[in-house]
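Close look at the chain arrangement
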Amino acid sequence: MTFNLISFAVLLLIGFGFGQASERRHYRSIKKREEQLAGLAAIASKHPPVDRQYQQYLVCGNVVVASDYFKSFLASLVNILGGRVKSFESLLDRGRREALLRLKEQALQQQATAVFNVKYETVRVGGRVTTIEVLAYGTALVPQSN
Amino acid sequence: MHYENRNPPEGINTSDHSPVREFLRLSLSALVVLIAVGIFLNFSGSLLGGLLPFKAELWITERVDRIMQQAEQESPFADPVGQGSDSASVDPLEQYLQSMTDKVVAALELPEPIVITLHYRDDDVFNAYATLGGHVYLFKGLLKHLPNENALAMLMAHEYSHVGQRHPASSIGGGITMAAGSSLLLGAAAFENRFFSIASALASTRFSRSMETDADEAALAAVNSIYGHVNGADDLFELFTGIRDDNQLDFLDSFFSTHPLDDNRIQRIEEQAAANGWLATGAITPLPAQFLQWLN
Ligand SMILES: [Zn+2]
């Protein structure tokens, strides 16, 4: 019992320390790359421009983000008491933004000028600590050179 | 047409919150909820346990006894005082304890279906306790320190009053509902660990302060009706204080941790005696001369 409590506290502290640090680091990287990739538009619209002919490719951005023990514990408390799972909001926000960035990086490699019909899928993977996979996919438009 | 992604302002999809404050707020609320649920479970379990007829207690202990003997395990309910296998050579200690038990039970005027089954444990533990089915355990480690028969009568009367007032059933009833509740939270293992070990379930029979006070009260009345005075009854609690001060014996005994402070108990029984006009002085009845030899 005592051992359980101690290991619980240690996991909580590790989760808090490393989890918060890695989240801050991740957000810094996300914001920097969002500015770098701002020129490439990723749009939810299903209707691509008809001004000219485009090659169309499927592009995907995929990321798996783990929460930490601390976040998961907070979430499990919210499960009992109700309310907003604030600790997971940033997790999902990071997941979606990172997935979109990866999608854009892939589109850029194909010389796309825009990505249309962008959609997200989110899946929970893994065991004890909540881990999510976010997949962003869309249709990259590469102007046809003729 | 022109398309672009504008960087969203921060803090719309995420809540700006202090995780530590969130953690404290949630844990404290959860703790409050848990405590409230625990109190409710314990209370309702005790209430239901106390409503069980005494026959149900007997049914449980007899079944446990049979199952354990079939499994060739040592049953805690086996081999009570006064029912030795060899009736020709009845142990003088058992004989004495049984005759004291008869006196105390008569003085307590326990209601009809309640039967006391006394067990003497040749164990150097400073303890005595009562559990389901009227089974009461007296340990050598406590008996050998008793200064006189009045203190022994007080000890017996206290434990037997627990049985008479159905405290073991209440306590175990509360324990079962609490364990069932925690198994919802922690998984079934928590329940099994606690209740599939019979020995631990019995030893973990804990009585509340008010139960102890009630038992003391009934016990003192019984001692008064046996001896015509209550002198010597408080020797039992003096003994606890002395043992505690000597710092020699096992302090973790459940007897200590659950019973009210000795000084308060002594004061309370003095007040009770005064209020009822019971004599605080009178001849102390010694234990039989060979009592200590019998124990060893
Ligand atoms: Zn007691």
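See the structure shown above.
I will try to describe carefully the structure that is included in this document.

Conventions and cut-offs
Residues numbered from 1 in each chain as written. Chains lettered and ligands numbered in written order. Predicted model: local features only at pLDDT ≥ 70, side-chain atom pairs only at ≥ 80, totals over all residues. Heavy atoms only, no water. Contact = heavy atoms within 4.5 Å. Buried area = accessible area lost by both parts, 1.4 Å probe. Salt bridge = Lys/Arg side-chain N within 4 Å of Asp/Glu carboxyl O. Polar contact = N/O pair within 3.5 Å; in protein donor to acceptor, adjacent residues only side chain to side chain. Helix = DSSP H or I, 4+ residues; strand = E, 2+ residues; numbered from the N terminus. Buried < 20%, exposed > 50% of the residue type's maximum accessible area, 1.4 Å probe, protein only. Pairing = 2+ DSSP bridges. Axes fitted to C-alpha atoms, helices over the stretch in contact; angles between N-to-C directions. Expected span 1.5 Å × (residues − 1). 1 Å grid on protein atoms, 1.4 Å probe; cavity = no way out; pocket = protein on both sides within 12 Å on 5 of 7 lines; lining within 4 Å. Points joined across faces, edges and corners; volume = space filled by probe spheres on them. Core = buried A, V, L, I, M, F, W, Y, C linked by side-chain atoms within 4.5 Å.

What to know about the interface of chain A and chain B
Note on interface size: it is often stated as the accessible area lost on association of the parts. Tallying the contact residues gives 30 residues for chain A and 18 residues for chain B. Across the chain A/chain B interface, buried area totals approximately 2,100 Å², and carbon plus sulfur atoms make up 64% of it. Of all residues in chain A, Leu 74, Leu 81 and Lys 86 of chain A bury the most surface against chain B, accounting for 23% of the area lost on that side. Counting across the chain A and chain B interface gives two salt bridges. A salt bridge links Glu 22 of chain B to Lys 86 of chain A; the shortest N-O distance between them is 3.9 Å. Where chain A meets chain B, there are three residue pairs in polar contact (both at pLDDT 80 or more).

So, the environment of Ile 114 of chain B
Residues and elements named next belong to chain B. Summarising the element assignment, Ile 114 is placed in the loop between α3 (92–108) and β1 (117–121). According to the relative accessible area criterion, Ile 114 is buried, its value standing at 11%. Measuring from C-alpha to C-alpha, the distance between Ile 114 and Leu 58 comes to 9.3 Å, with 56 residues separating the pair along the chain. Beyond its immediate sequence surroundings of up to four residues, Ile 114 is in contact with Phe 54, Val 163, Gly 164 and Arg 166.

A look at the sheet that holds strand β3 (residues 135–139) of chain B
Residue and element names in this part refer to chain B. Overall, mixed pairing links the three strands, which are arranged β1-β3-β2 in an open sheet. Lying at the two open borders of the sheet, with one neighbouring strand each, are β1 and β2 (128–131). Averaged over all pairs of adjacent strands, the angle between their axes in this sheet comes to 20°, without regard to strand direction. Two elements, β1 and β3, share five bridges in a ladder whose sense is parallel. Bridged to Thr 117 within β3 is His 135.

Let's talk about the pattern of salt bridges
Under the criterion given, the structure shown has 16 salt bridges over all chains. One salt bridge in this structure joins Glu 105 of chain A and Arg 33 of chain A, with 3.4 Å as the shortest N-O distance. With Glu 105 of chain A in helix α3 (residues 86–109) and Arg 33 of chain A in helix α1 (residues 2–36), the pair connects residues that are 72 residues apart, well separated along the chain. In this structure, the salt-bridge partner of Glu 149 of chain B is Lys 103 of chain B, at a minimum N-O distance of 3.9 Å. Of the two residues, Glu 149 of chain B is situated in helix α5 (residues 149–164) and Lys 103 of chain B in helix α3; the sequence distance between them amounts to 46 residues. Via salt bridges that share partners, Arg 33, Glu 98, Arg 102 and Glu 105 of chain A belong to a single interconnected network.

A short note on helix α2 (residues 54–70) of chain B
All names here are of chain B. In a regular helix each residue adds 1.5 Å, so 17 residues correspond to 24 Å; α2 covers 24 Å between its end C-alpha atoms and thus fits that length. For α2, the full list of buried residues reads Phe 54, Ala 56, Glu 57, Thr 61, Val 64, Asp 65 and Met 68. Looking at the residues trailing α2, positive phi occurs at Glu 72, about 55°.

Re empty space enclosed by the protein
Residue and element names in this part refer to chain B. Following the criterion strictly, the structure yields two cavities of 30 Å³ or more and no others. The calculated volume of the second largest cavity comes to roughly 40 Å³. Of all elements in the fold, only α9 (209–227) and α12 (262–276) reach the threshold of two or more residues within the lining of the second largest cavity. With four residues, α12 is the single largest residue contributor to the lining of the second largest cavity.

As for the nonpolar core
Of all hydrophobic cores here, the largest spans 50 residues; its most connected members are Leu 97, Leu 143, Leu 146, Leu 152 and Met 156 of chain B. Per-element accounting of this core gives the leading share, nine residues, to α5 of chain B. The residues contacting Leu 143 of chain B, other than those within four sequence positions of it, are Leu 97, Tyr 120, Leu 138, Leu 152, Leu 155, Phe 291 and Leu 295 of chain B. Ala 42, Ala 75, Leu 103 and Val 118 of chain A belong to the second largest nonpolar core, which has 20 residues in total.

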